[in-house]
Amino acid sequence: MRSHILDPITINGMQVPNRTVVPAMVTRLSGEDGFVNQAIIDRYVSYAKGNVGLIIVEAMAIHNSKSGPLLRISDDSFMEGHRKLARAVHAASDSKVVPQIIHFMKVARSGWRQTIDMLSEDDIKGIIRDFGAAAKRAKDAGYDGVELHSAHAYTLSSFLSRHNKRRDRYDGRSLEGRLRMFGDVMAEVRANVGDDFPVGVRFLADEMIKDGYTLEDSRLIALRMAQLGVDYISLSVGGKFEDAILQEGLPPYPYTGYSGERCMPGASFPKMPHVHYAAAIKEMINRKGYDIPVISAGKINAPADAEQLLKEGKADMIGMARQLLVDPNWPKKVMAEREDDIVPCVYCNVCKQLDENFKEVTCFLWPKGYKQAPAYDPALTPPTWDSEIPLQAEYADGIVKLKWQRATGDVSGYDLYRAEDNGDVKIIQAKKGGKFDDKSVLGGLKYSYYIRAYGKSGQSSAPSNMVELDLPFSVS
Ligand SMILES: Cc1cc2nc3c(=O)[nH]c(=O)nc-3n(C[C@H](O)[C@H](O)[C@H](O)COP(=O)(O)O)c2cc1C
């Protein structure tokens, strides 16, 4: 039994049933009108049915500025939808649901973008008021708390940034100046929601850009946020405009550059590249007497890893965005001790690309045409192999060519497992079809492969035959 990950936690009165968190993930399921619709409700109910402890609803705008499809909470006309969403999640399980509220600045197809030094004092007062009003709406709608989006390329994060060019009360030349806007917003939010309503924050542990801030500052930013009374800290990294790759005729997009890649680290990154940030930040705030939970995210998806991070005190809660997108039933399967049924994320980042192109965010690993993750049916029979040796592999010119015969039964796809040099077995790919070229092998090492077919609900076939290849070493 995974005792740590399934432990409950109370956050300013909010009783979260376990330590799993789905961090905010834009779905692009709403129209440009920003209203909650049935598809949005279905998405968040699927996390509740999967027993995710804390569900953060995707970033929603606190103001009326134009954008692509994005939820809004910027006036009372949006309340009915939010009430429905909060009610539906609560009806599905004891998961807690908290919206992430965001202010962002203008961007144009010409490549121009508004920066915080262009904001007048009145603009700033308006932003502070809008945060307070949106937080109050979140409370009135029946959500369990509210999360202030102070990460990535958006307004609050830009005040915290070392690229802040303001020279007034919010002066970017000092850390204290950079922190002032968050302090003003936090004071307004508290005045609107009271002391006993959970207010969390998402901010960057590292900007991941040239001359951006790093852990040296984020430890101190976290401490100040704790002093200002935030009830939890959720960490992210990167996702900035400064290194965005500009495309002719398209507005700049903050996840196109290297910092965007770090924010949603893809398959080429090692697992859990950002946990040391949470560990250092947690150590800092705990040492100064604050025990508010710190949430770590970024390529964490194995139950044993999540459990270990909590056990070692490197984080208080585990954020899994893409993993819970592919399989919202992760917590339920861990509770039932059916971890083998989890459909693992392979970090192909198709979801990231859909988001970037303003298309509905779905997962490549779901059965074709599905708009939501399939429901979990523990009684479904796993796929089976007809042949005793379905998998074959051969090596030539730096590439291992794998092909396999299809499994029978309810098959959604195939996970490819690989061990390098008799080391740990990793899932390197998930495929719908029957072949894959492994181009990231090194001559001179030994590689072992097997595959498993998985069905809609996640139940996997037995492993196929294992193929072992000793690759020849050559430098020519
Ligand atoms: C499609 C998509 C949309 C996202 N939208 C948001 C968002 O609205 N707010 C936010 O703070 N982070 C957003 N993120 C970042 C995730 O919350 C998370 O920090 C990141 O994906 C790394 O965690 P993971 O490796 O568990 O996916 C998004 C990520 C993806 C893939």
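Nothing here was measured: the structure is a model prediction, and the numbers come from that model. (Residues numbered from 1 in each chain as written. Predicted model: local features only at pLDDT ≥ 70, side-chain atom pairs only at ≥ 80, totals over all residues. Heavy atoms only, no water.)

1. Focus on the overall build of the chain
What counts is decided by this rule: Where helices and strands are cited, they refer to DSSP runs of H or I of at least four residues and of E of at least two residues respectively, numbered from the N terminus. As a reference, a globule follows 2.2 Å times the number of residues to the power 0.38, and the radius of gyration itself is taken over C-alpha atoms. Throughout, exposure labels follow a simple rule: accessible area from a 1.4 Å probe, protein chains only, divided by the maximum for the residue type, with under 20% read as buried, over 50% as exposed, and the rest as partly exposed. Residues are treated as being in contact if the distance between any of their heavy atoms lies within 4.5 Å. Per-residue and other accessible areas were derived by the Shrake-Rupley procedure at a 1.4 Å probe size, with only the shown protein chains allowed to occlude residues.
For the chain, the count of helices and strands is twelve helices and 18 strands. In terms of C-alpha radius of gyration, the chain reaches 23 Å, essentially the compact-globule figure of 23 Å for 476 residues. Across its three principal axes, the chain shows a C-alpha extent of roughly 70 × 55 × 45 Å. When each of the 476 residues of the chain is scored for burial, the buried share is 59%. Pairs at least 24 residues apart make up 70% of the contacts formed inside the chain by residues separated by at least 6 positions. When the accessible area of the chain is evaluated, it comes to approximately 20,000 Å², of which 49% is carbon and sulfur surface.

2. Focus on the packing of helix H1 (residues 38-49) against helix H2 (residues 79-92)
Short version of the rule: Structural elements are reduced to axes, namely lines fitted to C-alpha atoms, with helices fitted over the stretch in contact, and the angle between N-to-C directions of any two is expressed from 0 to 180 degrees. Roughly parallel means an angle under 35 degrees; roughly antiparallel means over 145; roughly perpendicular covers 65 to 115; every other angle is labelled oblique. Crossing chirality is assigned from the near helix's rotation relative to the far helix, an anticlockwise turn below a right angle marking it left-handed and a clockwise turn marking it right-handed. Throughout this entry, Asp, Glu, Lys and Arg are counted as charged residues, while Ala, Val, Leu, Ile, Met, Phe, Trp, Tyr, Cys and Pro are counted as nonpolar. The remaining residues, Gly among them, count as polar.
Between H1 and H2, the least distance of the axes is 8 Å, while the angle of their chain directions is 25°. Taken together, H1 and H2 sit at an angle that is classed as roughly parallel. Handedness of the H1/H2 crossing: right-handed. Note on element contacts: H2 touches H1 through Lys 84, Leu 85, Ala 88, Val 89 and Ala 92, opposite Ile 40, Ile 41, Tyr 44, Val 45, Ala 48 and Lys 49. Split into classes, the residues belonging to the contact of H1 with H2 amount to nine nonpolar, no polar and two charged.

3. Considering the domain arrangement of the chain
Interfaces are often sized by the amount of accessible area the parts lose when they come together. Stated formally: Marked domain ranges trace back to an automatic or database domain assignment. By definition, the buried area sums, over both parts, the 1.4 Å-probe accessible area that each loses when the two are put together. Salt bridge, as used here: a side-chain nitrogen of Lys or Arg that lies within 4 Å of a carboxyl oxygen of Asp or Glu. Pairs of N or O atoms within 3.5 Å make up the polar contacts considered here, provided that, within protein, one atom can donate a hydrogen while the other can accept it, and that residues adjacent in sequence are counted only when both atoms are side-chain atoms.
Examined at the domain level, the chain breaks down into domain 1 (9-356) and domain 2 (391-470). Put simply, the middle of domain 1 and the middle of domain 2, counted by C-alpha atoms, are 35 Å apart. Across the boundary between the two partners, domain 1 contributes seven residues, which contact ten residues of domain 2. Summed over both sides, the interface between domain 1 and domain 2 buries roughly 630 Å², with carbon and sulfur atoms accounting for 53% of that surface. Looking at the side of domain 1 facing domain 2, the largest losses of area belong to Asp 340, Val 343 and Val 346, adding up to 57% of the total buried there. In this assembly, domain 1 and domain 2 are joined by one salt bridge. Residue Asp 340 pairs with Arg 452 through a salt bridge whose shortest N-O separation is 2.9 Å. For the pair domain 1 and domain 2, the interface holds two residue pairs in polar contact (both at pLDDT 80 or more).

4. So, the sheet that holds strand E13 (residues 399-404)
This is how it is decided: Any two strands between which DSSP finds at least two bridges are classified as paired.
Here three strands make up an open sheet; going across it, the order is E12-E13-E16 and the pairing antiparallel. Edge positions in the open sheet fall to strand E12 (391-396) and strand E16 (435-438), since each of these has one partner strand only. Taken pair by pair, the neighbouring strands of this sheet meet at an average axis angle of 15°, ignoring direction.

5. A few points about the site of the ligand
Using the following cut-off: Working definition: residue near molecule or strand if any one of its non-hydrogen atoms lies within 4 Å of it.
Every one of the 20 residues lining the ligand counts as a neighbour, but Ala 24, Gln 100, Lys 299, Ala 321 and Arg 322 are closest to it. Within the contact set of the ligand, an oxygen atom lies 2.8 Å away from a backbone nitrogen or oxygen of Ala 24. Contact distances for the ligand include 3.0 Å between a nitrogen atom and a backbone N or O atom of Val 26. Compared with its free state, where it exposes 600 Å², the ligand has 98% of that area covered by protein. Taken together, the residues of the shell around the ligand sort by class into twelve nonpolar, four polar and four charged.

6. Section: the packing of aromatic side chains
As a reminder of what qualifies: Aromatic rings from Phe, Tyr and Trp, taking only the six-membered ring of Trp, are treated as a pair when their centres fall within 6.5 Å; an angle between ring planes under 30 degrees marks them as stacked, one over 60 as edge-to-face, and anything in between as tilted. In this scheme, Lys NZ or Arg CZ marks a charge over a ring once it lies within 6 Å of the ring centre and within 35 degrees of the ring normal.
Counted according to the given criterion, the structure contains nine aromatic pairs. What links up through ring pairs into an aromatic cluster is the set Tyr 253, Tyr 255 and Phe 358. It is Lys 333 that lies over the ring of Tyr 376; its NZ or CZ is 4.7 Å from the centre. One residue, Lys 432, lies across the ring of Phe 364, its end atom 5.3 Å from the ring centre.

7. What about the state of the cysteines?
Spelled out, the test is: Cysteine sulfur atoms that pair up within 2.5 Å are treated as a disulfide.
Taken as a whole, this structure holds zero disulfides when the rule is applied. With no disulfide partner, Cys 345 has as its closest neighbouring cysteine sulfur the one in Cys 351, 6.5 Å distant. Taking the relative accessible area as the measure of exposure, Cys 345 reaches 13% and is therefore buried. The thiol of Cys 348 is unpaired, and the distance to the nearest cysteine sulfur, on Cys 363, comes to 6.3 Å. Here Cys 348 falls in the partly exposed class, since its relative accessible area comes to 38%.

8. Re the sheet that holds strand E15 (residues 425-431)
A sheet is described by the order of its strands in space; here four strands give the open sequence E15-E14-E17-E18, paired in antiparallel fashion. In this open sheet, the two strands that pair with only one neighbour each are E15 and strand E18 (467-470). The sheet shows a mean angle of 25° between the axes of neighbouring strands, direction not considered.

9. Observations concerning the pairing of E12
Here is the key point about a regular strand: its side chains alternate between the two faces of the sheet. Two elements, E12 and E13, share six bridges in a ladder whose sense is antiparallel. Looking at the pairing, Ala 393 lines up with Leu 402 of E13. Taken together, E12 and the strand that follows it, E13, pair antiparallel across an intervening segment of two residues, in which Asp 397 is found at a positive phi of about 50°.

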